[in-house]
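Working through the structure, step by step
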Amino acid sequence: KQWYQRRVRAEWIQIAKQKNIPIVVDADGLFIVTEKPGIIRGYSEAILTPNVVEFERLFFGLTGRMCCKPPSEANILAVCNKLKCTVICKGLTDQICTRTTSDERAEVLKCVEPGSNRRCGGQGDILAGALGLFSFWAKQNQKAFDGTPYQCVAAHAACTVVKRANFLAFAKHKRSMITSDMIEMLPQAFKDVFEGSD
């Protein structure tokens, strides 16, 4: 069953590439990329969202070396340069790196939105969904970004909104916060980030 699921996921990645549409790769998709990096290498529409453990596996798979703990900017740049796509290393501070062409210089952008000390299981799923939405919006409006890759804009927006939702949910529910509490706070988080808080 697992081999079949991986094959289906790999086929979905190929379909996205054929249609030249943005794709967010998380969880099991990252496992596929770690095993077969060629499936995503050079596809600039891809956004990978590894947590620290997933990033360590990916880094080792691509370089044969262990990465720093937590991953350093140099580690993130190395993965981004090898795959030529967008990488978001999720953590206390989300680190975003975009490389869409072979001649462009990649840099690491940090999402400094505070979030909380409680990370819910499922928070990465919220981020993946937000990235899908922001990628669509940003791609439609990329001329407005003065040369900044739309993937970078989408990634920073999604990370900021999700961290803000985490902060708001934690303020209300404290340690009993669960993922659905974060989802409930997404409209307020969006308003806070893009319209300013009341």
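We now turn to the structure provided with this report. (Residues numbered from 1 in each chain as written. Predicted model: local features only at pLDDT ≥ 70, side-chain atom pairs only at ≥ 80, totals over all residues. Heavy atoms only, no water.)

Let us now look at the overall build of the protein chain. Per the secondary structure count, the protein chain includes seven helices and five strands. Reading the protein chain from its N end, one meets helices and strands in the order α-β-α-β-α-α-β-β-β-α-α-α. At 16 Å, the protein chain has a C-alpha radius of gyration in line with the 16 Å of a compact globule built from 198 residues. With the C-alpha coordinates of the protein chain rotated into their principal frame, the extents come out at 45 × 40 × 35 Å. (Helix = DSSP H or I, 4+ residues; strand = E, 2+ residues; numbered from the N terminus. Rg over C-alpha atoms; globule rule 2.2 N^0.38 Å.)

This next bit is on the environment of valine 161. In this fold, valine 161 is placed in helix H6 (residues 150-173). Classification of valine 161 by relative accessible area gives buried; the value is 5%. Put simply, valine 161 and proline 187 are 26 residues apart on the chain and 9.2 Å apart in space, counted from C-alpha to C-alpha. (Buried < 20%, exposed > 50% of the residue type's maximum accessible area, 1.4 Å probe, protein only.)

Our next topic: the pattern of salt bridges. Within the structure shown, the criterion is met by eight salt bridges. Salt-bridge contacts for glutamate 11 lead to arginine 7; the nearest nitrogen and oxygen are separated by 3.2 Å. Of this pair, glutamate 11 and arginine 7 both sit in helix H1 (residues 2-19), separated by four residues, roughly a single helical turn. The exposure class of arginine 7 is partly exposed, given its relative accessible area of 46%. Between lysine 172 and glutamate 184 there is a salt bridge, with the nearest N and O atoms lying 3.0 Å from each other. With a gap of 12 residues between them, lysine 172 in helix H6 and glutamate 184 in helix H7 (residues 179-195) connect regions that are remote in the sequence. (Salt bridge = Lys/Arg side-chain N within 4 Å of Asp/Glu carboxyl O.)

Before going further, it helps to examine a nonpolar patch on the surface. Taken together, the side chains of Leu133, Phe136 and Trp137 make up a nonpolar region of the molecular surface, amounting to roughly 310 Å² of accessible area. Locating phenylalanine 136 in the fold gives a position in helix H5 (residues 123-140). (Patch = residues over 30% accessible without salt bridge, like charges linked within 9 Å, V, L, I, M, F, W, Y side chains within 5 Å. Areas by Shrake-Rupley, 256 points an atom, 1.4 Å probe, with all protein chains shown as cover.)

Here five strands make up an open sheet; going across it, the order is S1-S2-S3-S4-S5 and the pairing mixed. Each of the sheet's edge strands pairs with one partner strand only, and the pair in question is strand S1 (23-25) and strand S5 (108-111). Between one strand and the next, the sheet's axes are offset by a mean angle of 20°, whatever the strand orientation. Relative to strand S4 (residues 94-98), strand S3 (residues 86-89) is paired through four bridges, and the arrangement is antiparallel. (Pairing = 2+ DSSP bridges. Axes fitted to C-alpha atoms, helices over the stretch in contact; angles between N-to-C directions.)

Along S4, five of the five residues are buried, which leaves the element largely enclosed by surrounding structure. Side chains of S4 alternate between two faces, with Asp94, Ile96 and Thr98 and Gln95 and Cys97 buried alike. Hairpin connection between S3 and S4: a loop of four residues separates the two successive antiparallel strands. Summarising the sheet, S4 and S5 pair through four bridges and their orientation is antiparallel. The partner of isoleucine 96 across the bridge, within S5, is leucine 109.

Let's shift gears to H1. With 18 residues, H1 should cover 26 Å at 1.5 Å per step; its first-to-last C-alpha distance of 26 Å lies within 8% of that length. Among all positions of H1, only Ala10, Ile13 and Ala16 are buried. Burial along H1 is one-sided: seen end-on, the buried residues are contained in an arc of 115°. Exposed residues pointing more than 90 degrees away from the buried face of H1 are listed as Trp12, Gln18 and Lys19. In this structure, the buried residues of H1 make contact with S1 and helix H2 (28-35). (Expected span 1.5 Å × (residues − 1). Arc of directions from axis to C-beta. Contact = heavy atoms within 4.5 Å.)

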